[in-house]
Amino acid sequence: MEKDNLIRVLNVSKSFRKVQALSDFSLAVSPGTICSLLGPNGAGKTTFMKILLGLVGSDSGSVTIFDLPVSSPLSRRGVRYLPENVTFPSWATPAILFRQLERIRHESSVEEFRLRCTELECVDLMKRPLGKMSRGQRQRVALSLVTSGKPELVLLDEPSTGLDPGGRILVRNLIRKLASEGATVLINSHLLGEVERVCDTATFISGGRLIVEGKLDSLSRQTGLAHIETDNAEEMKLSLEERGYSCHIESKGVVAELEDPAAFRDMAQFILDTGIRFSGINQMRESLEDVFLRIMDNDSERGNDIVS
Amino acid sequence: MIRNGGTILFLNSIEQLLRRKIVLTAAIAAIAFLGLYWWGVSAASSAELHMGHGQADMAVDMLSPADAALAAIITAGPLAATLMTALIIVIGSTMLPEEIGQGRMPFWLSLPQTRLKVYLSIGLAPLAVSYVLSLILFGGIFIITMIYFPFTPKNIPLVFVSMLSWLTVVWAAVMLLSLVVKKIASMLIVFFLSAVATLFGGLYEMMQMFPGEAPKALETITYTIIYAFPADRGYRGVIYGLIPADAVITENLAFFGVTASIPSIHLIYAFLWSLVLLSIGYLKFRRMDF
């Protein structure tokens, strides 16, 4: 485990009565990365996030943030957390909540908060009571409150909950901006499409154990599908079918199935030999959803029960 | 930064409490109560006694302004105390559970604050609001009585200290119970304990006036109860501090428990008792997973 890691978790276990929420869990997170925690419901993702904040005490192991044990309130300086189901008082306006948080943190200014609200398109809600907002509006306000200022570590539990597609794009942009400003972002989300678009790394958890972690690119395998980008889709399809490949036309080209992913080179050579013009040929990679299902399937095949 | 955060959280909790309907209802009830009290006392002060020749003058002579003030205070005191006890029980039992239930507690605890500060900042708000409202209510009773029946109160500083002692005992009990059982259960238990403590507190006062008269078993039960839940001593201290120093019929009002003095050690014991319960509550809160 490298010394310059911002989060260091070593052999952490936690159980709630008879349920083992985390088991011998270790993880290190480098500064400036956008990490995702993935796993089925009850896998231990939220428990892990809460252990990082000292909200849940671990039974064993050590957890440090900024080289400080999480039992110390100082470890939470520069840390921002958005819980999944937080309900701020309905009478409170974003301006009131920000004023309170600003006093506690002594970190951010109202200008920074306004800027964040502008980024999340909720600046016109500053003086509206939260009780008179939609769920999506409340979520955007909460994200603005949590991320304003100069956070060093941002923990977001289901940040896109209740947001429309436009709101999700804004959240993705916000997360990228936070990372570009040097913040480390840890996201717990079931929206794999969102995670895939914004995260650098993924940590798969199941049954309280770390199954696999790594960069998204390294986790997704090449599939048995190839996409050939061509204006002569019909001609290309016929040639490939004559050769014995199963294929279909999709927008901008043809998708061909390979019985063996390793046979991609042979197919590429065949396409070159046909002389049909094409602008690109790619072996398609697994989506994060495919990766998720494959990893979880493999895990359950090994007989690991998921904590409920 | 960390030092100021607790104060901000406390003020935030106060603001939140003041916006709750139950506090607004209690404030309106307190004002209505004072209005009725004013009406009643002013009517009593101008009432004419219709008796036989010479009897009215005799009756008026018997009842000095201080005695009238005493009668008024000991009539209003229990009602005001019931109102304030109910308020602190309701808001004290809901403050922490609501912060937890609404998901705000993880948010507050994720700020760079110690758990003790978060616990006290949020937990102290109901005590502060109830104390201020009680001061207004009992202060109002005192002022209205003074206007119509001028008197010198026995011990005003005792009122402030006793009121804090009484409310702190109820608050500490309900805070602890709200972390252990459901909030409705915590309300009912503390309300029951308060009622029992008041009943036996009255008996204790009478036993002080007539030592050795009560059956031994009753004496033991009474002593056990007033020490097991010492809210009543503080409440009686409030009444005792407010009553006129120069009333002549105090002995006849022993039933109301206003004749005996409240030794300081009783109030100190009540504060220590509260501190112990508050500490147990904190230990429970510190170990809780959010």
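What counts, and at which threshold
Residues numbered from 1 in each chain as written. Chains lettered and ligands numbered in written order. Predicted model: local features only at pLDDT ≥ 70, side-chain atom pairs only at ≥ 80, totals over all residues. Heavy atoms only, no water. Helix = DSSP H or I, 4+ residues; strand = E, 2+ residues; numbered from the N terminus. Buried < 20%, exposed > 50% of the residue type's maximum accessible area, 1.4 Å probe, protein only. Contact = heavy atoms within 4.5 Å. Areas by Shrake-Rupley, 256 points an atom, 1.4 Å probe, with all protein chains shown as cover. Lys, Arg positive; Asp, Glu negative; His and termini not counted. Charge placed at Lys NZ, Arg CZ, Asp CG, Glu CD. Phe/Tyr/Trp six-rings, centres within 6.5 Å; stacked < 30°, edge-to-face > 60°. Buried area = accessible area lost by both parts, 1.4 Å probe. Salt bridge = Lys/Arg side-chain N within 4 Å of Asp/Glu carboxyl O. Pairing = 2+ DSSP bridges. Axes fitted to C-alpha atoms, helices over the stretch in contact; angles between N-to-C directions. Core = buried A, V, L, I, M, F, W, Y, C linked by side-chain atoms within 4.5 Å. Domains from an automatic or database assignment. Expected span 1.5 Å × (residues − 1).

### Here we look at the overall build of chain A
Piece 1. Secondary structure assignment for chain A yields 10 helices and 14 strands.
Piece 2. For the C-alpha atoms alone, the extent of chain A along its principal axes is close to 70 × 45 × 35 Å.
Piece 3. Looking at the 308 residues of chain A, the share that counts as buried comes to 52%.
Piece 4. Within chain A, counting contacts between residues at least 6 apart in sequence, those at least 24 apart form 68% of the total.
Piece 5. For chain A, the exposed surface amounts to about 14500 Å²; the carbon and sulfur share of it is 47%.
Piece 6. Of note, chain A has its 38 positive side-chain charges centred 11 Å away from the centre of its 42 negative side-chain charges.

### Side note on the packing of aromatic side chains
Piece 1. As enumerated under the stated definition, the model contains 15 aromatic pairs over all chains in all.
Piece 2. Plain terms: the ring middles of Phe204(A) and Phe292(A) are 6.2 Å apart, the flat faces sit at 45° to each other, and that makes the pair tilted. Highlighted residues: Phe204(A) in strand S9 (residues 201-206) and Phe292(A) in helix H10 (residues 288-301), separated in sequence by 88 residues. Comparing Phe204(A) with Phe292(A) shows no difference in burial state: the two are buried.
Piece 3. Judged by centre distance (6.1 Å) and plane angle (90°), the rings of Phe138(B) and Trp166(B) are edge-to-face. Separated by 28 residues along the polypeptide, Phe138(B) in helix H6 (residues 115-148) and Trp166(B) in helix H7 (residues 156-180) bring together distant segments of the chain. Take Phe138(B) and Trp166(B): they sit in the same class, and that class is buried.

### Here we look at the side chain of Ser134(B)
Residue and element names in this part refer to chain B.
Piece 1. For Ser134, the location among the structural elements is in helix H6.
Piece 2. The exposure class assigned to Ser134 is buried, which follows from its relative accessible area of 0%.
Piece 3. Contacts of Ser134, omitting those with residues within four sequence positions, involve Met84, Gly139, Met163 and Leu167.

### Brief notes about the interface of chain B and chain A
Piece 1. Of the residues lining the interface, 26 residues belong to chain B; the matching set on chain A comes to 30 residues.
Piece 2. Together chain B and chain A conceal approximately 2500 Å² of surface at their shared face, both sides included; 64% is due to carbon and sulfur atoms.
Piece 3. Taken together, the connections running from chain B to chain A amount to one salt bridge.
Piece 4. One salt bridge in this structure joins Lys14(A) and Asp289(B), with 3.0 Å as the shortest N-O distance.

### Digging into the sheet that holds strand S11 (residues 222-229) of chain A
All names here are of chain A.
Piece 1. Here four strands make up an open sheet; going across it, the order is S12-S13-S11-S14 and the pairing antiparallel. Every other strand in the sheet has two partners, leaving strand S12 (246-250) and strand S14 (280-285) as the edge strands with one partner each. The sheet shows a mean angle of 25° between the axes of neighbouring strands, direction not considered.
Piece 2. Strand direction decides the pairing type here: S11 and strand S13 (residues 253-257), joined by five bridges, are antiparallel.

### Remarks on the pairing of strand S3 (residues 34-38) of chain A
Regular strands place their side chains on alternate faces of the sheet.
Residue and element names in this part refer to chain A.
Piece 1. With five of five residues buried, S3 is to be regarded as a mostly interior element.
Piece 2. Burial along S3 is two-sided: the face carrying Ile34, Ser36 and Leu38 and the face carrying Cys35 and Leu37 are both buried.
Piece 3. Relative to strand S8 (residues 184-188), S3 runs parallel, the two being bridged by four bridges. Bridging from a neighbouring strand, Ile34 pairs with Val185 of S8.
Piece 4. Pairing analysis gives four bridges linking S3 to S9, with the strands arranged parallel. For Ser36, the partnering residue across the bridge sits in S9 and is Ala202.

### Remarks on the nonpolar core
Piece 1. Counting 162 residues, the largest nonpolar core has Phe204(A), Phe138(B), Trp166(B) and Phe285(B) as the members making the most contacts within it.
Piece 2. Ranked by residue count, the leading element in this core is helix H4 (residues 65-101) of chain B, at 17 residues.
Piece 3. Met236(A), Leu240(A), Ala256(A) and Phe270(A) belong to the second-largest nonpolar core, a separate cluster that totals 15 residues.

### Re the pattern of salt bridges
Side-chain pairing between opposite charges can occur once the charged atoms of the two side chains come close.
Piece 1. What the rule picks out here adds up to 18 salt bridges over all chains.
Piece 2. A salt bridge links Glu15(B) to Arg19(B); the shortest N-O distance between them is 3.5 Å.
Piece 3. Take Glu15(B): its relative accessible area is 21%, and that puts it in the partly exposed class.
Piece 4. Its relative accessible area of 44% is what places Arg19(B) among the partly exposed residues.
Piece 5. Between Arg233(B) and Asp232(B) there is a salt bridge, with the nearest N and O atoms lying 3.9 Å from each other.
Piece 6. Relative accessible area serves as the criterion here: at 2%, Asp232(B) is assigned to the buried category.
Piece 7. Residues participating in the shared-partner salt-bridge network are Arg116(A), Glu119(A), Lys177(A) and Glu181(A).

### Concerning the domain arrangement of chain A
Piece 1. For chain A, the assigned domains read domain 1 (7-78 + 151-218) and domain 2 (222-285).
Piece 2. Placing the centre of domain 1 of chain A and that of domain 2 of chain A at their C-alpha centroids yields a distance of 39 Å.

### Describing the environment of Val154(A)
Residue and element names in this part refer to chain A.
Piece 1. On the secondary structure map, Val154 appears in strand S7 (residues 153-157).
Piece 2. Spatially, the C-alpha atoms of Val154 and Val79 are 5.8 Å apart, while their sequence positions differ by 75 residues.
Piece 3. Contact partners of Val154, with chain neighbours within four places excluded, come to Arg80, Thr147, Leu178, Thr184, Val185 and Leu186.

### Some words on the sheet that holds strand S2 (residues 19-29) of chain A
Residues and elements named next belong to chain A.
Piece 1. Within the open sheet, the four strands sit side by side as S2-S1-S4-S5. Their pairing is antiparallel. The strands lining the two open edges of the sheet, one partner per strand, are S2 and strand S5 (68-69).
Piece 2. As paired strands, strand S1 (residues 7-16) and S2 are joined by seven bridges and run antiparallel to one another. Across the sheet, the residue bridging to Val9 is Leu27, located in S2.
Piece 3. Contacting S1, S2 and strand S4 (60-65), helix H1 (residues 45-52) crosses the sheet at an angle of about 120° to S1.

### So, unusual backbone geometry
Residue and element names in this part refer to chain A.
Piece 1. Phi at Asp24 takes a positive value of approximately 50°, unusual for a residue other than glycine.
Piece 2. With respect to the helices, strands and loops of the structure, Asp24 is situated in strand S2.
Piece 3. Not every positive phi belongs to a glycine, and Asp67 is a case in point at roughly 65°.
Piece 4. Relative to the helices and strands, Asp67 resides in the loop between S4 and S5.

### Considerations on helix H11 (residues 264-287) of chain B
Piece 1. For H11(B), which comprises 24 residues, the first-to-last C-alpha distance of 35 Å matches the rise-based estimate of 34 Å (1.5 Å per residue) to within 8%.
Piece 2. Looking at H11(B), one finds that the buried residues are His266(B), Leu267(B), Ala270(B), Trp273(B), Ser274(B), Leu277(B), Leu278(B), Gly281(B), Tyr282(B) and Phe285(B).

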